[in-house]
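The chain contents come next:
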Amino acid sequence: MKGLKVMALLMAVLAGVLILNTKAQAGIVPGTYCWQADAHNGSGVLGYHRLSIKDFGNGHYSVVGTITAPQTNGTVSVKLVNGAMELTDANTLEMGVSVTDAEYNTALGANALTVVDFHYLLNPVTMSGPYYTSSNHNSVTTTKSYGGVATLTTCTY
Amino acid sequence: MKALKTALTAVVFVIALSASAFADTYGAQFCWNMDDGKTNEVYLLKVGVMDFGRGHYSLAGTKTVLTRSGTKSAVQIAQGNMELIDSNYEMGLQVSDIPGTNTLVVEDIHFVLDWSLNGYYYRVNDTESKFNGLAILVQCPQ
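A brief structural summary. Keep in mind it's a predicted model, so treat the numbers as computed, not measured. (Residues numbered from 1 in each chain as written. Chains lettered and ligands numbered in written order. Predicted model: local features only at pLDDT ≥ 70, side-chain atom pairs only at ≥ 80, totals over all residues. Heavy atoms only, no water.)

### So, the overall build of chain B
Then, in step 1: Each helix and strand in chain B was counted, giving one helix and eight strands.
Then, in step 2: N-terminal to C-terminal, the α/β element order of chain B is α-β-β-β-β-β-β-β-β.
Then, in step 3: Counting all 142 residues of chain B, 47% fall into the buried class.
Then, in step 4: Accessible surface, chain B as shown: approximately 7000 Å² in total, 58% of it carbon and sulfur. (Helix = DSSP H or I, 4+ residues; strand = E, 2+ residues; numbered from the N terminus. Buried < 20%, exposed > 50% of the residue type's maximum accessible area, 1.4 Å probe, protein only. Areas by Shrake-Rupley, 256 points an atom, 1.4 Å probe, with all protein chains shown as cover.)

Dropping the structure here:
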């Protein structure tokens, strides 16, 4: 009888822990996610976005990772990504990231800083959706932005 | 005196972080009202703060655009970091949004906050050029 009481108490504690854990994990599950980003002009795959998501609490998430893009000359470009993800309403998961790299600039004839900004409007269930990006962002000039589709995919690279 | 001020600033922020979180900084959240004197707009910055140690803090959150009567017109995504520099906390944030018509809007904001976490900021974006204003620490609304 005493053993039964102890077991019941343990079960109650376990249930409490599970409920608390579920509450803490509500929203996006932290981990590494990958997206295939299609080019805005329908010309195929622009690159792969591999981002690790960390839960800051209160619906705030930090993201860091890389964008890998095959180049026409056969090389692969890997750029660094950092940003944030928020559930802005029940139907929209928004992610804003900044992408940087030091790349060879043919006009300059030397390596130069490349900064690209991305903003994603994702379905919270499928975590896929459209994204918009600007190339070589400069804060004081108007940037040309265009969009594509980011599809959640298995991380295989 | 300067070292004392710096130490005091650090202690206040660490206490604020500890009071608002579990054992680590999970769940720490801070809000600021931002006002750069525009007749029609004010902003609410709401960010989660994660302590990376050695005075480095990562930030993730939102900047909400409001009318002065309190009507929400946009929610933008904000990310960046905070550092203790001399006796001030400085925050560098990048904000982005898709306000409609397939246009990406990006903004950079830099805050200089004193020991009370109040201070001023400079912001620059693609469509409105440069602004500066006051950042006042407030309790985060639900």
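Structure shown, so let's carry the discussion forward.
### What to know about the interface of chain A and chain B
Then, in step 1: Taken together, the contact pairs 33 residues of chain A with 31 residues of chain B.
Then, in step 2: The interface formed by chain A and chain B includes zero salt bridges.
Then, in step 3: Connecting chain A to chain B are ten residue pairs in polar contact (both at pLDDT 80 or more).
Then, in step 4: Of all the secondary structure elements, the ones that give two or more residues to the side of chain A that touches chain B are strand S2 (45-57), strand S3 (60-70), strand S4 (76-89), strand S5 (92-105), strand S6 (110-122) and strand S7 (129-134) of chain A.
Then, in step 5: A total of five residues in the side of chain A that touches chain B trace back to one element, the largest contributor, which is S4 of chain A. (Contact = heavy atoms within 4.5 Å. Salt bridge = Lys/Arg side-chain N within 4 Å of Asp/Glu carboxyl O. Polar contact = N/O pair within 3.5 Å; in protein donor to acceptor, adjacent residues only side chain to side chain.)

### A word on a nonpolar patch on the surface
All names here are of chain B.
Then, in step 1: Among the surface-exposed residues, Tyr 120, Tyr 122, Leu 134 and Ile 136 lie close enough to one another that they form a single nonpolar patch of about 410 Å² accessible area.
Then, in step 2: The set of elements that each furnish at least two residues to the nonpolar patch consists of strand S7 (119-125) and strand S8 (129-138).
Then, in step 3: In this structure, Tyr 120 sits in strand S7. (Patch = residues over 30% accessible without salt bridge, like charges linked within 9 Å, V, L, I, M, F, W, Y side chains within 5 Å.)

### Thoughts on the pairing of S3 of chain A
Residues and elements named next belong to chain A.
Then, in step 1: Relative to S3, S2 runs antiparallel, the two sharing nine bridges. Looking across to S3, one finds that Leu 51 is bridged to Gly 65.
Then, in step 2: Taken together, the eleven bridges between S3 and S4 define a ladder with antiparallel strand orientation. The residue of S4 that forms the bridge with Pro 70 is Val 76.
Then, in step 3: Between S3 and S4, which pair antiparallel one after the other, the connecting turn spans five residues, and Gly 74 there sits at a positive phi close to 95°. (Pairing = 2+ DSSP bridges.)

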